[in-house]
Amino acid sequence: MKDGSSLTLTGGTYVVCDLSVGKATETVAATPAVVNVSGNVGISNDSNFGPAAGQNCGLIRVNGNFSFGRQAAINGYFCAPQRTLLIGHDTT
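Residue indices begin from 1 for each chain and proceed along its sequence in written order. Residues qualify for local features only when their pLDDT is at least 70, as the model is predicted, and side-chain atom pairs are given and counted only at 80 or more; totals for whole chains, interfaces and linings, by contrast, use all residues. Based on all heavy atoms of the structure, the side-chain values leave hydrogens and waters out of the count.

### Description of the overall build of the protein chain
Alright, step 1. Under the DSSP-based scheme used, a helix requires at least four consecutive residues in state H or I and a strand at least two consecutive residues in state E, with every element numbered from the N terminus. From N to C terminus, the protein chain includes zero helices and ten strands.
Alright, step 2. Mapped in sequence order, the helices and strands of the protein chain form the string β-β-β-β-β-β-β-β-β-β.
Alright, step 3. With the radius of gyration taken over C-alpha atoms, the globule rule is written as 2.2 Å times the number of residues to the power 0.38. Taking 2.2 N^0.38 as the reference for a compact globule, 92 residues should give roughly 12 Å; the C-alpha atoms of the protein chain span a radius of gyration of 12 Å, in line with that estimate.
Alright, step 4. Each principal axis of the C-alpha distribution contributes one length, and for the protein chain these read about 30 × 30 × 25 Å.
Alright, step 5. Accessibility here uses a 1.4 Å probe with only protein chains present; expressed as a share of the type maximum, an area under 20% marks a residue as buried, one over 50% as exposed, and anything in between as partly exposed. Here the protein chain holds 92 residues, and the buried ones make up 35% of them.
Alright, step 6. Contacts are assigned to residue pairs with any non-hydrogen atoms lying within 4.5 Å of each other. Contacts in the protein chain between residues far apart in sequence, at least 24 positions, make up 31% of those at least 6 positions apart.
Alright, step 7. The accessible surface values rely on the Shrake-Rupley method and a 1.4 Å probe; as for residues, cover is taken only from the protein chains in view. In the form shown here, the protein chain has an accessible surface area of approximately 5,300 Å², with 51% of it arising from carbon and sulfur atoms.
Alright, step 8. For this count, His and the chain ends are skipped, Lys and Arg are scored as positive, and Asp and Glu as negative. The atoms used to mark charge sites are NZ of Lys, CZ of Arg, CG of Asp and CD of Glu. Distance between charge centroids for the protein chain: 7 Å, based on 5 positive and 5 negative side chains.

The structure is reproduced here in structure tokens:
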């Protein structure tokens, strides 16, 4: 996703090689969605991924190797068995 863009997942299961989310983006799901990523998941600085904190927890489930940028707001279930999870400064 390019910087400043938005994405609404319409629900269901998505399978991708890598997921690269630019700066100041917004990713939400209209209905429950699962994103299976065989490679890396990168969510950059100042991005919102998932619904607002405390709302619809688990609406988005992501499996992959994660890197979250600084000052991002992340809400979902993230599964990284035997993988790396990097979380930037001031990320919630």
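### Considering the side chain of Ser-47
Alright, step 1. Relative to the assigned elements, Ser-47 resides in the loop between β5 (33-43) and β6 (48-49).
Alright, step 2. Polar contacts here mean pairs of N or O atoms no more than 3.5 Å apart (in protein, one a potential hydrogen donor and the other a potential acceptor; neighbouring residues in sequence count only if both atoms are side-chain atoms). A polar contact is formed between the side chain of Ser-47 and the side chain of Thr-25, at a distance of 2.9 Å.
Alright, step 3. If we skip the residues at most four places from it in the chain, Ser-47 touches Val-21, Gly-22, Lys-23, Ala-24, Thr-25, Gln-71, Ala-72 and Ala-73.

### Some words on the environment of Ala-80
Alright, step 1. Residue position: Ala-80 is located in the loop between β9 (77-79) and β10 (85-87).
Alright, step 2. The class for Ala-80 is partly exposed, based on a relative accessible area of 24%.
Alright, step 3. Sequence separation between Ala-80 and Thr-25 is 55 residues; the distance between their C-alpha atoms is 22 Å.
Alright, step 4. In this view, Ala-80 contacts Gly-64 and Phe-66; residues no more than four positions away in its chain are not counted.

### Brief notes about the packing of aromatic side chains
Alright, step 1. Here the aromatic set is Phe, Tyr and Trp, taking the six-membered ring for Trp, and pairing holds for ring centres within 6.5 Å; pairs whose planes are under 30 degrees apart are stacked, those over 60 apart are edge-to-face, and all others are tilted. Under the definition given, this model contains four aromatic pairs.
Alright, step 2. Taking the centre distance of 5.8 Å and the plane angle of 25° together, the rings of Phe-66 and Phe-68 count as stacked.
Alright, step 3. Judged by relative accessible area, which is 3%, Phe-66 ranks as buried.
Alright, step 4. An angle of 85° between the planes, with centres 5.4 Å apart, marks the rings of Phe-66 and Phe-78 as edge-to-face. Here Phe-66, found in strand β7 (residues 60-68), pairs with Phe-78, found in strand β9; they are twelve residues apart in sequence, far enough to count as distant.
Alright, step 5. Taken together, Phe-49, Phe-66, Phe-68 and Phe-78 form an aromatic cluster joined through their ring pairs.

### A look at the sheet that holds strand β8 (residues 73-74)
Alright, step 1. The strand order β1-β4-β6-β8 describes an open sheet built from four strands, whose pairing is parallel. Either end of the sheet is taken by a strand with one partner, and the two such strands are β1 (6-9) and β8. Only when DSSP finds a minimum of two bridges between them are two strands counted as paired.

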